[in-house]
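Listed below are the residues making up each chain.
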2 protein chains.
Amino acid sequence: MDLRPIKSEGDAEPAIIDPLCSVFRRHLKSLGQKYTPERAQVLDVLVELDDIFQADQLFEEMKGRGYRVSKATMYRTIKLLQEAGIIQQVLLTSETAHYQLAYGRKAQDLLIRLDTDEIIAISVPELAAIRDRVCKEHGLKATGHRFQVFASKG
Amino acid sequence: MDLRPIKSEGDAEPAIIDPLCSVFRRHLKSLGQKYTPERAQVLDVLVELDDIFQADQLFEEMKGRGYRVSKATMYRTIKLLQEAGIIQQVLLTSETAHYQLAYGRKAQDLLIRLDTDEIIAISVPELAAIRDRVCKEHGLKATGHRFQVFASKG
DNA sequence: GTCGGTGCAAATGCTTTGCATTGAT
DNA sequence: ATCAATGCAAAGCATTTGCACCGAC
């Protein structure tokens with residue numbers, strides 16, 4: 001599946017880069033690391049990309065602007081930005097594929113313990129209604145959903 | 001993140017293998033393919049694995065039982081089982097990582113069009129309450145959630 | 001004897017890492 | 001000088017594929 005074209009639900013893009021930049025600098029400083037031109041360029045391009053992107057899109061966009069940042073540096077910067085809480089992974093939780101029996105399709109909803117990495121299958125019946133409502137609002141028909149709750153020991 | 005240990009919310013495991021086996025055979029027949037011993041072994045081990053598993057777990061478990069199925073065949077079988085609707089991928093939608101700005105954390109909820117691969121960021125405020133309730137029931141504290149609706153043109 | 005099925009090993013594609021070089025303080 | 005950052009190329013890792021051999025009908 002190629003997920004390139006993204007639309008966001010009605011938010012223009014303000015000049016969020018300044019606060020993000022501060023957060024990033026602070027994170028880097030806390031690690032004894034520097035805010036380099038390469039890292040600035042990654043962040044710069046990133047905030048202008050439509051809200052979900054893949055590493056390669058980012059790389060191409062940077063190339064298009066004439067920025068000369070290597071993939072290695074880009075990936076290293078992405079990791080730093082995740083640590084800083086500036087970006088987050090979507091759709092994926094880990095690198096490797098996970099499967100489950102589709103039988104009955106009951107275990108679509110998951111409670112994921114971040115402290116123990118335990119996954120608990122849960123059932124949240126009202127999600128079906130929410131899902132259908134959302135689709136209706138967009139003139140679409142739901143074919144399924146996925147709900148993941150991240151939690152840890154209170 | 002390693003997601004190995006899985007618990008399911010209170011379903012014992014009945015002898016579901018027979019119906020699944022039939023479904024699989026039917027799918028294979030429709031493709032002009034055969035229900036081979038290797039494929040049977042994959043299905044066999046699979047239904048006994050706790051409900052979410054990784055390819056490698058499956059492979060190790062098969063080895064443990066003395067089944068001699070190659071990884072290539074296992075992966076090919078996994079693909080066939082997905083086509084047949086017997087298993088489905090969880091947590092992943094595609095192979096490559098996708099990122100988004102975490103700024104404001106508003107775009108956690110997504111409407112994914114399967115017909116156009118378009119992703120629309122949505123906002124479903126009541127999910128926070130649902131998520132907190134679920135965590136409470138398990139004595140945990142929520143740190144976040146993810147909701148993905150799959151849909152296509154009605 | 002024709003097909004598909006299998007195992008092996010090589011290929012793939014995204015991401016990470018080792019290492020020598022470079023740059024800032 | 002020191003310490004971290006960079007680019008390149010090589011390594012990793014999960015998954016896929018090419019190919020030669022095998023087996024069922």
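Everything below is about the structure shown above.
Before going into details, it helps to say that this report is about the structure given with it. This structure is a prediction, so every number in the text was calculated from the model and none was measured.

### Remarks on the protein's contact with DNA strand D
- Neighbouring DNA strand D are 19 residues, the closest being Thr36, Arg68, Ser70 and Thr73 of chain A together with Tyr75 of chain B.
- Each atom of DNA strand D within 4 Å of the protein belongs either to a base or to sugar and phosphate, the latter forming 74%.
- Here a phosphate oxygen of DNA strand D and a side-chain polar atom of Thr36 of chain A are 2.6 Å apart.
- Going through the elements one at a time, α2 (37–48) and α4 (71–83) of chain A together with α4 (71–83) of chain B are the ones with two or more residues in the surface near DNA strand D.
- Among the elements that take part in the surface near DNA strand D, α4 of chain B stands out by supplying four residues, more than any other.

### Some thoughts on the protein's contact with DNA strand C
- As a structural note, the neighbourhood of DNA strand C is formed by 19 residues, with Tyr75 of chain A together with Thr36, Arg68, Ser70 and Thr73 of chain B the closest of them.
- In the environment of DNA strand C, a phosphate oxygen lies 2.5 Å from a nitrogen or oxygen atom belonging to the side chain of Thr73 of chain B.
- Between DNA strand C and Arg76 of chain B, the relevant distance is 2.9 Å, taken from a base nitrogen to a side-chain nitrogen or oxygen of the residue.
- Of all elements in the fold, only α4 of chain A together with α2 (37–48) and α4 of chain B reach the threshold of two or more residues within the surface near DNA strand C.
- Of the residues forming the surface near DNA strand C, the biggest block, four residues, is contributed by α4 of chain A.
- Counted by class, the surface near DNA strand C contains six nonpolar, six polar and seven charged residues.

### As for the pairing of strand β7 (residues 140–153) of chain B
- Burial runs high along β7 of chain B: 11 of the 14 residues are buried.
- The pairing of strand β7 (residues 140–153) of chain A with β7 of chain B spans 13 bridges and is antiparallel. Each residue of the ladder has a partner; that of Arg146 of chain A, found in β7 of chain B, is Gln148 of chain B.
- With five bridges connecting them, strand β5 (residues 109–113) of chain B and β7 of chain B associate as parallel partners. Bridge assignment links Ile112 of chain B to a residue of β7 of chain B, and that residue is Phe150 of chain B.

Conventions we followed
- Residues numbered from 1 in each chain as written.
- Chains lettered and ligands numbered in written order.
- Predicted model: local features only at pLDDT ≥ 70, side-chain atom pairs only at ≥ 80, totals over all residues.
- Heavy atoms only, no water.
- Near = heavy atom within 4 Å.
- Polar contact = N/O pair within 3.5 Å; in protein donor to acceptor, adjacent residues only side chain to side chain.
- Helix = DSSP H or I, 4+ residues; strand = E, 2+ residues; numbered from the N terminus.
- Nonpolar A, V, L, I, M, F, W, Y, C, P; charged D, E, K, R; others polar.
- Buried < 20%, exposed > 50% of the residue type's maximum accessible area, 1.4 Å probe, protein only.
- Pairing = 2+ DSSP bridges.

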